[in-house]
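The primary structure of each chain is shown beneath.
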Amino acid sequence: MTATTHEAGHHADEPTGLTRWLVTTNHKDIGSMYLLFSLAMFLVGGAMALVIRAELFQPGLQLVDPYFFNQMTTMHALVMIFGAVMPAFTGLANWMIPLMVGAPDMALPRMNNWSFWLLPFGFAILLSTLFMPGGGPAGGWTMYPPLMLQTGTAFPFVIFAIHVLGISSIMGSINVVATILNMRAPGMTLMKMPLFVWTWLITAYLMIAVMPVLAGAITMLLTDQYFGTTFFSAAGGGDPVLYQHIFWFFGHPEVYILILPAFGIISTIIPAFARKPLFGYSSMVYATASIAFLSFIVWAHHMFTVGMPLAGQLFFMYSTMLIAVPTGVKVFNWVATMWRGAMTFETPMLFALAFVFLFTIGGFSGLMLAIAPADFQYHDTYFVVAHFHYVLVTGAVFAILAAAYYWLPKWTGHMYSERLGQWHFWLSVIFVNVLFFPQHFLGLAGMPRRIPDYSVQFADWNMISSIGGFGFGFAQLLFVWLLFKCIRGGEKAEARAWEGAEGLEWEVPSPAPHHTFDTPPVVR
Amino acid sequence: MSTRSITESDNGRCFVLAPNLAPDWGQTMRIFVGISVVCLGIALVCTWFGFWPVLPFAGIELTALGIALYVSARRSLDREVVHVGNGRVRIEKGRGRVEQSWELEQAWTEVVLRQMPRRWEETQLVLRSRGQEVILGGFLELEERRSLARELGRCIGPMARCGSGRAAPAASVPATTAATVTPTRASHSLGERAG
C-alpha cells in the first residue's frame, strides 16, 4: 500500500480575504487567529494593569475612582486568564498538535472554527459591560457572592459572557482530545508523543472535568439574583462559603490549565537548545498527570481563612505541599537535560531559562502560602499577588513567548530579528522582576490586595513596582514590532529552523504549507 | 487521509480511499469513561451538596465529548472503493460493508474536478457518465483529490479527460503525485479491504 504524496503550494481555489478567516476550518488559520486574538487581549489586559499600577504609583487617589479601580482589577484578571493565556495555549495547540502528531488537521475542524469565533463574541460582551449603567463587574475574578450580586446592569451579561467563553474552551478541549486520540500518525504511540501534546491532553482532561463546575456556579449566582433561589444566601438557608468551595474546585485546576501546556513548551525548547534529548521523558508524563490529579484535592488552600476544621486545614496544607514533588521532578529534569548539553542562548531558550528560574520562585512562594498558619498572615496581601504573577507571567506568559519565538520561523517562514528578540527578553526579564518582586515585600509588610489607596509606608516599593509595570508593558511593544517585521519578511527559515529541534513539525517546510500530512508520516 | 491503488487479477485497478484515522476504539472508550467518571463524580458530589446545576452542564459537556469522539472515530471506518476494469467503473461506498454502489461504463466515464460556486466550498471530485454523477473522496484533502483525479483519468481512459476542463482536467494536474501499484489481489469485502 502506498499513499499518494503531498504537493504543496497549489491552493488557488481556497477562500481569500475576510471570508477565508471567517469560514476557515484550517487548523493553522484558526491557530493564527487564536494567537493574534490572545495578543490583542494581552495588550488590553495589560492596559488595564497599567491603569492599576498608575493609580498605585503613589498613595492617595489620583487617577480613577475606587469603583473603577475594582472594575479594572476584575477585568484585568478575566481578560488575562480567559482572553490572553488560555486562547494563546489553544492557538499553540491548534497550530502545533496536528503538526506534532502528523495529522492533516484537527479532528473536528468546523467545531474548531466555532470555538474560536465564540471568543471575540464573548469578549465583546464582557468588555462592553464597562460601558453599562453601574459599570462592569468589580467583585474580583472569583465573583464571590454577595459582593458580585451587587453588580449593576452588567451582571447577567458577565455571566453570559463567561458561559460563552467556557463553551469555547470546552469545544477547544474536546477537539484536542479527539485529535490526539484519533489522529496520531501510524507508530506514534502515547508514550512517543511530544511532551507538549501530552501536557495538552492532560490540560484538556482538566478543562472538561472542571468547566461544568464553573458553569454551574455562575448559573447559581444568576438564579440567586433573578429567580429567587438561595444557593448562596444564608437568609434562605444557603451558604456563601460553599460558593468559594465550588469556585475554587474549578479555580485550582484552572491554575494548572494555565501552566501545564507551559511545562510542555519548556520541555520542547530546552532539549532543542541543549542539543540533548529530554531527561526523564516518562517521569515528565507521570509528573504532569500527578499534578493534574493533585489539583483536584487542594482547592481549599485558597480559603484557609474562612474557617475550617483543623483536619481540613492539615489535609489541604499537606496535599498542596505534595504538588512540590512532581513539580520538583520537572525542574530537576529540565536542569538535567541542560547538564553538559551544547547549549546556545537564542531568545526561545532565554525565555525558557527565565521560566525555569522565575517559575520556581513562584512555586516556592506558593509553598509558603500552603502553610496554613503562615497563610493566615499572607492571605489577601500583595504577597499572594506577587506569587501568582510569578507563576502566570514569568511562568505561563514567558512560556508562550518562548513558544512564539521557537515556532515563529515555522509559522511565518522567516527568522525573527534575534537582536530585537534579545532586547525584548532582557527588558522583559528585568522589568518583570522590578514589577513583581517588591510586591513580596509589600505583602509581607501587610499591604492588602485590591485597594486603590494605601498607607504611606508602602509608597517606595509601590513606586518601584509601578515603574517595573510600565517598563514591562512597553517592552511588549517591542515584541509586537518584532512580530510585524517577521510576518512581513526577513531571513528565510529552513524546514528545521533550529539545529537541535526534533519532531514532525520540523519535517515540513517553513512556513508550514496550508495543508500538511495528507499522507500520514510513519513514526518509528 | 490515504489512498491506495491495487492491481487486480483481471489487470484492472482498484482504488481504496480511506480517512487517516486509526483509533484504538478500546483506548478511546477507556479515556472517555475515565473523563466521564471524574466529571460526573464531581457533578454528583456537587449535587449531593445541593448544587444540582453543575450536573446538567456536566451531562451536556460529556454528551458533546462522546459525540465528538464517536463521530471522529466512526469516520475512520469510511471507505470508498473504485474498481476500473473490464470496461466498467464500479464504485462502492460504505462503512464496514458496501452501503451504496454504482456501475459506470468505462468508455463514457469522465473524471471531473468541479469547482464550487462558493469559494469556501471544497472542490469536488466527480465521476460522471451518461448523466449519472458520483462524488468521491469527500474526506480527502484537495491535493490528494487532484492526485486521485489524475490517477483515475489515466486509468479510465481518453473520455475521462473530457470532463474537468474548467477546473483542473485530470491530464493537466501537475504530474508530481502518483499512486504506486502493488501486486496485491483486492478482496471483495469492503470491510476486509478497509482493514
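Predicted model only: the values in this text are computed from it and were never measured.

1. Things to note about the overall build of chain A
Then step 1. Per the secondary structure count, chain A includes 15 helices and 0 strands.
Then step 2. Against the 2.2 N^0.38 benchmark of 24 Å for 524 residues, chain A shows a C-alpha radius of gyration of 23 Å, consistent with a compact globule.
Then step 3. Going through the 524 residues of chain A one by one, you find that 64% of them count as buried.
Then step 4. Considering only residue pairs separated by 6 or more positions, chain A has 83% of its internal contacts joining residues 24 or more positions apart.
Then step 5. Counting only carbon and sulfur atoms, one obtains 71% of the accessible surface of chain A, whose full area is about 18700 Å².
Then step 6. Here chain A holds 19 positive side-chain charges and 23 negative ones, and the gap between their average locations is 9 Å.

2. Considerations on the overall build of chain B
Then step 1. When you go through chain B residue by residue, the secondary structure sums to 4 helices and 9 strands.
Then step 2. Listing the helices and strands of chain B from first to last along the sequence gives β-β-α-α-β-β-β-β-β-β-α-β-α.
Then step 3. With 195 residues in all, chain B has 51% of them scored as buried.
Then step 4. Taking contacts inside chain B between residues at least 6 apart in sequence as the whole, the part at least 24 apart equals 54%.

3. Quick notes on the packing of helix 3 (residues 66–101) of chain A against helix 7 (residues 240–274) of chain A
Residue and element names in this part refer to chain A.
Then step 1. Where helix 3 meets helix 7, the closest approach of the two axes is 11 Å, and the angle between their N-to-C directions is 45°. Looking at the two axes, helix 3 sits oblique to helix 7. Regarding helix 3 and helix 7, the two cross each other, and that crossing is left-handed. Facing I81, F82, V85, M86, F89, L92 and M100 of helix 3, the residues of helix 7 in contact are F250, E254, I257, L258, P261, A262, I265 and T268.
Then step 2. Class assignment for the residues of the contact of helix 3 with helix 7 results in 13 nonpolar, 1 polar and 1 charged.

4. Let's talk about the packing of aromatic side chains
Describing an aromatic ring pair means giving the distance of the ring centres and the angle of the ring planes.
Then step 1. Summed over all chains, the structure comprises 47 aromatic pairs over all chains.
Then step 2. Residues F231 of chain A and F51 of chain B carry aromatic rings whose centres are separated by 6.4 Å and whose planes lie at 50° to one another, so their mutual orientation is tilted. In this pair, F231 of chain A is assigned in the loop between helix 6 (195–226) and helix 7 and F51 of chain B in the loop between helix 1 (25–48) and helix 2 (54–74), connecting two distinct chains.
Then step 3. Using a relative accessible area of 14% as the deciding quantity, one classes F231 of chain A as buried.

5. Notes on the nonpolar core
Then step 1. The biggest cluster of nonpolar side chains holds 196 residues, and the ones touching the most others in it are W334, F355 and W407 of chain A.
Then step 2. Ranked by residue count, the leading element in this core is helix 3 of chain A, at 22 residues.
Then step 3. For W334 of chain A, the contacting residues outside a window of four places in its chain are F263, I266, S267, I270, L278, M284, F355 and V356 of chain A.
Then step 4. Formed by 21 residues, the second largest nonpolar core is a distinct cluster that contains V82, W102, L127 and F139 of chain B.

6. Some details on the pattern of salt bridges
Residues and elements named next belong to chain B.
Then step 1. If you walk through the whole model with that rule in mind, you get 14 salt bridges over all chains.
Then step 2. Its salt-bridge partner being E151, residue R13 comes within 3.2 Å of it at the nearest N-O pair. Here E151 lies in helix 3 (residues 142–156) and R13 lies in strand 2 (residues 13–18), a separation of 138 residues in the sequence. Comparing R13 with E151, the two get one shared label, buried.
Then step 3. A salt bridge links E110 to R128; its shortest N-O distance comes to 3.2 Å. Linking E110 in strand 6 (residues 110–114) with R128 in strand 7 (residues 124–129), this pair joins segments that are 18 residues apart in sequence.
Then step 4. On the accessibility criterion, E110 (15% relative accessible area) is buried.
Then step 5. Among the residues examined, R128 registers a relative accessible area of 22% and is labelled partly exposed.
Then step 6. Here the residues in one salt-bridge network are R13, R150, E151 and R154, joined through shared partners.

7. Examining the sheet that holds strand 7 of chain B
Residue and element names in this part refer to chain B.
Then step 1. What the 3 strands build is an open sheet, ordered 6-7-8; its pairing is antiparallel. Sheet topology places strand 6 and strand 8 (132–136) at the edges, where each strand pairs with a single neighbour. Between one strand axis and the next, the sheet turns by 30° as a mean value, whatever way the strands run.
Then step 2. Two elements, strand 6 and strand 7, share 5 bridges in a ladder whose sense is antiparallel. In the sheet register, L113 faces strand 7, and the bridge partner there is L125.
Then step 3. Together, strand 6, strand 7 and strand 8 form the strand contacts of helix 3, whose direction differs from that of strand 6 by roughly 165°.

8. With respect to the state of the cysteines
Then step 1. Applying the stated rule across the entire model yields 0 disulfides over all chains.
Then step 2. A disulfide-free cysteine, C155 of chain B has its sulfur positioned 10 Å from the sulfur of C14 of chain B, the nearest such atom.

9. Overview of helix 4 (residues 109–128) of chain A
All names here are of chain A.
Then step 1. The terminal C-alpha atoms of helix 4, which comprises 20 residues, lie 30 Å apart, in line with the 28 Å expected from a rise of 1.5 Å per residue.
Then step 2. N112, N113, S115, F116, L118, L119, G122, F123, I125, L126 and L127 are the residues of helix 4 that are buried.
Then step 3. Along its buried surface, helix 4 packs onto helix 1 (17–23), helix 2 (27–55), helix 3 and helix 5 (154–182).

10. Examining the environment of L408 of chain A
Residues and elements named next belong to chain A.
Then step 1. Along the chain, L408 falls in helix 13 (residues 382–412).
Then step 2. Given the relative accessible area of 2%, L408 is considered buried.
Then step 3. Spatially, the C-alpha atoms of L408 and I218 are 38 Å apart, while their sequence positions differ by 190 residues.
Then step 4. Not counting the four nearest positions on each side in its chain, L408 is found in contact with A403, G413, H414, Y416, L482, L483 and C486.

11. Digging into helix 2 of chain B
Then step 1. Counted at 1.5 Å a residue, the expected span for helix 2 of chain B with its 21 residues is 30 Å, and the 30 Å between its end C-alpha atoms agrees.
Then step 2. The complete set of buried residues in helix 2 of chain B reads V54, A58, E61, L62, L65, G66, A68, L69, S72 and A73 of chain B. Looking straight down helix 2 of chain B, one finds that the buried residues subtend no more than 160° of arc, so they occupy a single side.
Then step 3. Where the residues of helix 2 of chain B are buried, they touch helix 5 and helix 6 of chain A together with helix 1 of chain B.

12. Describing the pairing of strand 6 of chain B
Then step 1. Most of strand 6 of chain B is tucked away, with 5 of its 5 residues classed as buried.
Then step 2. Going residue by residue along strand 6 of chain B, you find E110, V112 and R114 of chain B tucked away on one face and V111 and L113 of chain B tucked away on the opposite face as well.

13. Notes on the confidence of the model for chain B
Residues and elements named next belong to chain B.
Then step 1. The pLDDT averaged across chain B works out to 73; a share of 70% of its residues lies at or above 70.
Then step 2. Between residues 164–195, whose pLDDT stays under 50, and residues either more than four places distant or in other chains, the model counts 73 contacts.
Then step 3. For this predicted complex, the interface confidence comes out at an ipTM of 0.71, alongside a pTM of 0.82.

14. Details of the pairing of strand 7 of chain B
Residue and element names in this part refer to chain B.
Then step 1. In terms of burial, strand 7 is largely enclosed, as 5 of its 6 residues are buried.
Then step 2. With 5 bridges joining them, strand 7 and strand 8 adopt antiparallel strand pairing. In the strand pairing of strand 8, L125 is matched with L136.
Then step 3. Hairpin connection, strand 7 to strand 8: the antiparallel pair is bridged by 2 residues, and R130 has positive phi, about 50°.

15. Concerning the packing of helix 6 of chain A against helix 7 of chain A
All names here are of chain A.
Then step 1. The N-to-C vectors of helix 6 and helix 7 enclose an angle of 160°; their axes lie 8 Å apart at closest approach. What the angle tells us is that helix 6 and helix 7 run roughly antiparallel. Along this stretch, helix 6 crosses helix 7, giving a crossing that reads as left-handed.
Then step 2. The residue makeup of the contact of helix 6 with helix 7, split by class, is 25 nonpolar, 5 polar and 1 charged.

Rules used throughout
Throughout, a residue's number is its position along its own chain's written sequence, starting from 1. The lettering of chains begins at A and the numbering of ligands begins at 1, in the order of writing. This being a predicted model, a pLDDT of at least 70 is required before a residue's local features are given, and a value of 80 or more before pairs of side-chain atoms are given or counted; all residues contribute to the totals for chains, interfaces and linings. For the side-chain quantities, the full set of heavy atoms in the structure was used; hydrogens and water were omitted. Here a strand is any run of E in DSSP of at least two residues, a helix any run of H or I of at least four, and the numbering for each starts at the N terminus. The globule rule is 2.2 Å times the number of residues to the power 0.38, and the radius of gyration it is compared with is taken over C-alpha atoms. For every residue, the accessible area obtained with a 1.4 Å probe (protein chains only) is divided by the maximum for its type, and the residue is called buried under 20%, exposed over 50%, and partly exposed between those limits. Note on contacts: a residue pair qualifies if any of its non-hydrogen atoms lie within 4.5 Å across the two residues. Only the protein chains shown count as cover for residues, and the accessible areas themselves come from Shrake-Rupley with a 1.4 Å probe. Lys and Arg are tallied as positive, Asp and Glu as negative. Neither His nor the chain termini are counted. Every charge is mapped to an atom, namely NZ of Lys, CZ of Arg, CG of Asp or CD of Glu. As a rule, the C-alpha atoms of each element are fitted with a line to give its axis, helices using only the stretch in contact, and angles between N-to-C directions run from 0 to 180 degrees. The cut-offs work like this: below 35 degrees is roughly parallel, past 145 is roughly antiparallel, 65 to 115 is roughly perpendicular, and the gaps in between are oblique. Crossing handedness is read from the near helix: turned anticlockwise from the far helix by less than a right angle, it gives a left-handed crossing, and turned clockwise, a right-handed one. Ten residues, namely Ala, Val, Leu, Ile, Met, Phe, Trp, Tyr, Cys and Pro, are considered nonpolar, four, namely Asp, Glu, Lys and Arg, are considered charged, and the remaining ones, Gly among them, are considered polar. Two rings from Phe, Tyr or Trp (for Trp, the six-membered ring) form a pair when their centres are within 6.5 Å of each other. A pair whose planes differ by under 30 degrees is stacked, one over 60 is edge-to-face, and the rest are tilted. To form a nonpolar core, buried Ala, Val, Leu, Ile, Met, Phe, Trp, Tyr and Cys residues must be joined to one another through side-chain atoms within 4.5 Å. For this document, the term salt bridge refers to a Lys or Arg side-chain nitrogen within 4 Å of an Asp or Glu carboxyl oxygen. For two strands to pair, DSSP has to find at least two bridges joining them. A pair of sulfur atoms, both from cysteines and within 2.5 Å, is called a disulfide here. Helix span, expected: 1.5 Å multiplied by one less than the number of residues in the helix. Each C-beta atom gives one direction from the helix axis, and the arc is the one those directions make. pLDDT is a per-residue confidence score from the predictor, ranging from 0 to 100.

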